[in-house]
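Residue-level structural notes
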Amino acid sequence: MRRIVPKEFYLRSTDVVAKELLGKLLVRTLGSRRLSGVIVETEAYFGVEDPASRARRGGDLAKTLYGEVGVALVYGIHRQWLLNVVAHEQGKGGAVLIRAIEPVEGIELMIKNRGVSKITELTNGPGKLTKALMIDKSFHKKPMYEESSELFIEYYIDVNEEDIVRDYRIGVSKDLNEPHRYYVKWSKYVSKRKVYKQS
DNA sequence: CGCCAGATTGACT
DNA sequence: GTCAATCTGGCGG
């Protein structure tokens, strides 16, 4: 039985949502076809108080970060698309970056989309998974709690608390002094690189 | 319209 | 390990 994660799920602290998204299924539909994967790595980003957040730069992304929860925030960087879900408490700003998934459905098509055959290389990075699932700017601001969006998140498995690792965010030039990256310890699909610096 | 930073990736030494 | 390709969005002129 499939059940989509409801909008209310995202109206909580960004950190809690980031952690609880682990083990959920990210689904992209193409007509009757499904491409999906288990979320195994996430990072929390906040509002203007976060030096690594796009909210710092103002504009549309800042508005989206502080806006309605449960919608996709698609952001382009270094010629990749990165997928976030807007999640924060009432009156605050924040979003969860989905950094890695484990392929479940539609693996053949993902291989075609990515141009690589090694399964573990398919979706073990934020830019990689958007390419594998054919996610681009057209999904920006679309609700992720409705099947009609063709991009949504379902309940899938429960991850044990002791299997969740908390660490500093990856790749940001100016991080906060607290870890905001979460990943599943046993997953082979977590992006390995660790290039964080302290501000 | 040009400039530039940046939550990345993959090719290469 | 190093490094550059190449894209988006904000901002200044």
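This text goes with the structure placed above it.
In this text the structure is predicted, and so the values were computed from the model without any measurement. (Residues numbered from 1 in each chain as written. Chains lettered and ligands numbered in written order. Predicted model: local features only at pLDDT ≥ 70, side-chain atom pairs only at ≥ 80, totals over all residues. Heavy atoms only, no water.)

Here we look at the protein's contact with DNA strand C
Condition: Any residue with a heavy atom lying within 4 Å of a molecule or strand is counted as near it. Whenever two N or O atoms come within 3.5 Å, that pair is a polar contact, provided that in protein one can donate a hydrogen and the other can accept it, and provided that, for residues adjacent in sequence, both atoms are side-chain atoms. Only DSSP runs of H or I covering at least 4 residues are called helices, and only runs of E covering at least 2 are called strands; the numbering of each starts at the N terminus. Three categories are distinguished: nonpolar for Ala, Val, Leu, Ile, Met, Phe, Trp, Tyr, Cys and Pro, charged for Asp, Glu, Lys and Arg, and polar for the others, with Gly belonging to the last.
With respect to spatial proximity, the complete set of residues near DNA strand C consists of Arg57, Gly58, Gly59, Asp60, Leu61, His78, Arg79, Trp81 and Lys137. Near the protein, meaning within 4 Å, the atoms of DNA strand C are sugar or phosphate in a fraction of 78%, with bases accounting for the rest. Between DNA strand C and the protein, one listed contact pairs a sugar or linking oxygen with a backbone N or O atom of Arg57 at 3.0 Å. Between DNA strand C and the protein, one listed contact pairs a phosphate oxygen with a backbone N or O atom of Asp60 at 2.8 Å. With three residues, the single largest contributor to the surface near DNA strand C is helix 2 (residues 59-66). Residue composition of the surface near DNA strand C, grouped by class: two nonpolar, three polar and four charged.

Brief notes about the protein's contact with DNA strand B
Around DNA strand B sit 23 residues in total, of which Tyr45, Asn84, Arg114, Gly127 and Lys128 are the nearest. Considering DNA strand B, the proportion of its atoms within 4 Å of the protein that are sugar or phosphate atoms stands at 51%. Residue Arg99 places a side-chain N or O atom 3.5 Å away from a phosphate oxygen belonging to DNA strand B. Secondary structure elements with two or more residues in the surface near DNA strand B: strand 3 (72-77), strand 4 (80-86), strand 5 (94-105) and helix 4 (126-132).

Overview of unusual backbone geometry
One can expect most non-glycine residues to show negative phi and most peptide bonds to be in trans. Quick reminder of the rule: Residue burial is assigned from relative accessible area. The probe radius is 1.4 Å, only protein chains are included, and a residue is buried under 20% of its type maximum, exposed over 50%, and partly exposed in between.
One non-glycine residue, His78, lies in the positive phi region at around 45°. By the secondary structure assignment, His78 is in the loop between strand 3 and strand 4. By relative accessible area, His78 is classed as exposed at 68%. With a phi close to 70°, Lys141 is a non-glycine residue in the positive phi region.

As for the pairing of strand 8 (residues 181-184)
What counts, and what does not: Should DSSP find at least two bridges between two strands, the strands are regarded as paired.
Residues Arg181 and Tyr183 line one face of strand 8 and the alternating positions Tyr182 and Val184 line the opposite face, and both faces are buried. Inspection of the sheet shows strand 2 (residues 33-46) paired to strand 8 by three bridges, in the antiparallel sense. The partner of Glu41 across the bridge, within strand 8, is Tyr183. Two strands pair when backbone bridges link them, and strand 7 (residues 164-167) and strand 8 are joined in this way by four bridges, in the antiparallel orientation.

Re the nonpolar core
One broad trend across soluble globular proteins is that nonpolar side chains are buried collectively. Stated precisely, the cut-off is as follows: As used in this record, nonpolar core signifies buried Ala, Val, Leu, Ile, Met, Phe, Trp, Tyr and Cys residues forming a set joined through side-chain atoms within 4.5 Å. The contact rule is simple, with two residues in contact once any of their heavy atoms fall within 4.5 Å.
Ranked by internal contacts, the top residues of the largest apolar core, which has 42 residues, are Tyr10, Leu26, Leu83, Ile98, Met144 and Ile153. Not counting residues within four places of it along the chain, the set of residues in contact with Leu83 comprises Leu26, Ala72, Leu73, Val74, Val96, Leu97, Ile98, Thr130, Ile135, Met144 and Leu151. Listed in part, the 13 residues of the second largest apolar core include Ala55, Leu61, Val71 and Leu82.

Some words on helix 2
How we decide: It is the directions from the helix axis to the C-beta atoms whose arc is reported.
Among the residues of helix 2, those classed as buried are Leu61, Ala62, Thr64 and Leu65. All buried residues of helix 2 fall inside an arc of 160° around its axis, so they share one side. The secondary structure elements touched by the buried residues of helix 2 are strand 2, strand 3, strand 4 and strand 5.

Digging into a nonpolar patch on the surface
The condition is simple: Candidates for patches are residues over 30% relative accessible area with no salt bridge; among them, like charges are joined within 9 Å and nonpolar side chains (Val, Leu, Ile, Met, Phe, Trp, Tyr) within 5 Å. All accessible-area figures derive from a Shrake-Rupley calculation using a 1.4 Å probe, and residue coverage is judged against the displayed protein chains alone. A carboxyl oxygen of Asp or Glu within 4 Å of a side-chain nitrogen of Lys or Arg is what we treat as a salt bridge.
A cluster of nonpolar side chains, contributed by Val104, Tyr156, Ile157 and Trp186, occupies part of the molecular surface with about 350 Å² of accessible area. Following the sequence through the fold, Ile157 ends up in the loop between strand 6 (151-154) and strand 7.

Regarding the pattern of salt bridges
A complete count under the given rule lists 15 salt bridges for this structure. Here Arg169 and Asp175 are joined by a salt bridge, their closest N and O atoms 2.8 Å apart. Looking at Arg169, the relative accessible area reads 0%, which means it is buried. Here the residues in one salt-bridge network are Glu41, Glu43, Arg99, Asp167 and Arg181, joined through shared partners.

Topic: the side chain of His140
Take His140: it is sitting in the loop between helix 4 and strand 6. Judged by its relative accessible area of 13%, His140 is buried. A distance of 3.0 Å separates polar atoms of two side chains, one belonging to His140 and the other to Asp60. The residues contacting His140, other than those within four sequence positions of it, are Asp60, Leu61, Thr64, Ala72, Leu73 and Val74.

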